[in-house]
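# Commentary on secondary and tertiary structure
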Amino acid sequence: MTLSSSELEDLRTAKRLLENPGLAARISNLVGVPIEKGFELLPKKWNVMVNDATRKSIETALDVALWTMDHSQQESPPSNWWHKLAVGTTGAAGGAFGLPALAIELPVSTTIMLRSIADIARSEGEDLKMPDARLQCVQVFALGGRSKSDDGTETGYFGARAAMAKAVSEAAVHLAKKGLSQKGTPAIIRLIAQIASRFSIVVSEKAAAQAVPLVGAFGGAVVNTLFIDHFQDMGRGHFIVRRLERLHGPEEVERVYKEL
């Protein structure tokens, strides 16, 4: 069965969201200077601080996904604007106190973003009672940046998914068999590491933007709003694709996606 005209339009929307310019381009347009200027202003060993904050944020997000995520199905559209407001507020605090506040602000922002992504997933028909669906919500954080370990043979959305597929599958199998009591197992640790390595790229861009003096508290709120907007786009695109895959199969959807 081929995709209908409305489904093709949905897939075209998903591709536009998933393959659009990344967060760095959006931030550069906001602050009026290339994001590289912000990297020059970051303190020494900034990457250690970013990597630590990123890993802790993904660990927190995974805890939320597995333990406290609301599993109820909702018919209403996702509450994107409420989540943007909440993340913007945390960004104002981060912008006011600079990079040292990242360790406190980022896990909070990431948790709010995860709630928003889950909201989007529900609206696209995902059953959040299933471990795989909840892990897919966390995996969205890996869709926003290309890992340095990527081999370069395939880029873009399906390349990122392919790079993550084994880690997500192994973690889902582990959770289905063992439940939530053994989070420190190799399958879970491997998943956190792979997602964090990609998420840290986008977090670094956010930190660089907030290092620009003219950003400050107000700009920090705007940067964080762009931050969540970026991942809401990734989530919406990803879960549109997954909805169509459930109807038509992964191979057919990928084939049509690449032809659009």
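Numbers given for residues are sequential positions, taken from 1 along each chain in its written order. The predicted origin of the model limits local features to residues at a pLDDT of at least 70 and limits the giving and counting of side-chain atom pairs to 80 or more, whereas totals for whole chains, interfaces and linings rest on all residues. Calculation of side-chain values draws on the structure's entire complement of heavy atoms; hydrogens and water are dropped beforehand.

### Brief notes about the confidence of the model for the chain
Let me state the cut-off plainly: pLDDT is a residue-level measure of predictor confidence that goes from 0 to 100. Note on contacts: a residue pair qualifies if any of its non-hydrogen atoms lie within 4.5 Å across the two residues.
Averaged over every residue, the pLDDT of the chain is 80; the share at 70 or more is 77%. Low pLDDT (under 50) marks residues 91-97, which in the prediction has 18 contacts with non-local residues, meaning those over four places away or in another chain.

### Focus: the pattern of salt bridges
Applicable threshold: Throughout this description, the term salt bridge denotes a Lys or Arg side-chain nitrogen within 4 Å of a carboxyl oxygen of Asp or Glu. Note on conventions: DSSP H or I runs of at least 4 residues are helices, E runs of at least 2 residues are strands, and numbering of each starts at the N terminus. Residue exposure (1.4 Å probe, protein chains only): buried if accessible area is under 20% of the type maximum, exposed if over 50%, otherwise partly exposed.
Evaluated as defined, the whole model comprises 15 salt bridges. With a shortest N-O distance of 3.5 Å, Arg 122 and Asp 119 are connected by a salt bridge. A residue pair is termed a helical-turn pair when its members lie 3 or 4 positions apart in one helix, as Arg 122 and Asp 119 do in helix H6 (residues 102-123) at three residues. Of the residues examined, Arg 122 reaches a relative accessible area of 9% and is grouped as buried. With a relative accessible area of 6%, Asp 119 lands in the buried category. Salt-bridge contacts for Arg 190 lead to Glu 170; the nearest nitrogen and oxygen are separated by 2.9 Å. Residue Arg 190 is found in helix H9 (residues 186-211), and its partner Glu 170 is found in helix H8 (residues 156-178); the two are separated by 20 residues along the sequence. Given a relative accessible area of 27%, Glu 170 falls into the partly exposed group. One network of salt bridges, in which partners are shared, links Glu 126, Asp 132, Arg 242 and Arg 246.

### Overview of the packing of helix H7 (residues 131-139) against H8
Think of two packed helices as two axes; the pair is described by the angle between the axes and how far apart they sit. Stated precisely, the cut-off is as follows: Lines are fitted to the C-alpha atoms to define the axes, a helix being fitted only along its stretch in contact, and any angle between axes, read from their N-to-C directions, falls within 0 to 180 degrees. What sets the label is the angle itself: under 35 degrees gives roughly parallel, over 145 gives roughly antiparallel, 65 to 115 gives roughly perpendicular, and the rest give oblique. Left-handed describes a crossing whose near helix is turned anticlockwise from the far helix through less than a right angle; right-handed describes the clockwise counterpart. Charged residues are taken to be Asp, Glu, Lys and Arg, nonpolar residues to be Ala, Val, Leu, Ile, Met, Phe, Trp, Tyr, Cys and Pro, and polar residues to be all remaining types, Gly included.
The interhelical angle for the contact between H7 and H8, taken along N-to-C directions, is 140 degrees, at an axis separation of 9 Å. As judged from the angle between their axes, H7 and H8 are oblique. The handedness of the crossing between H7 and H8 comes out as right-handed. Packed against H7, whose contacting residues are Pro 131, Asp 132, Leu 135, Gln 136 and Gln 139, the element H8 presents Arg 161, Met 164, Val 168, Ala 171, Ala 172 and Leu 175 at the interface. Each residue belonging to the contact of H7 with H8 can be placed in one class, and the counts come to seven nonpolar, two polar and two charged.

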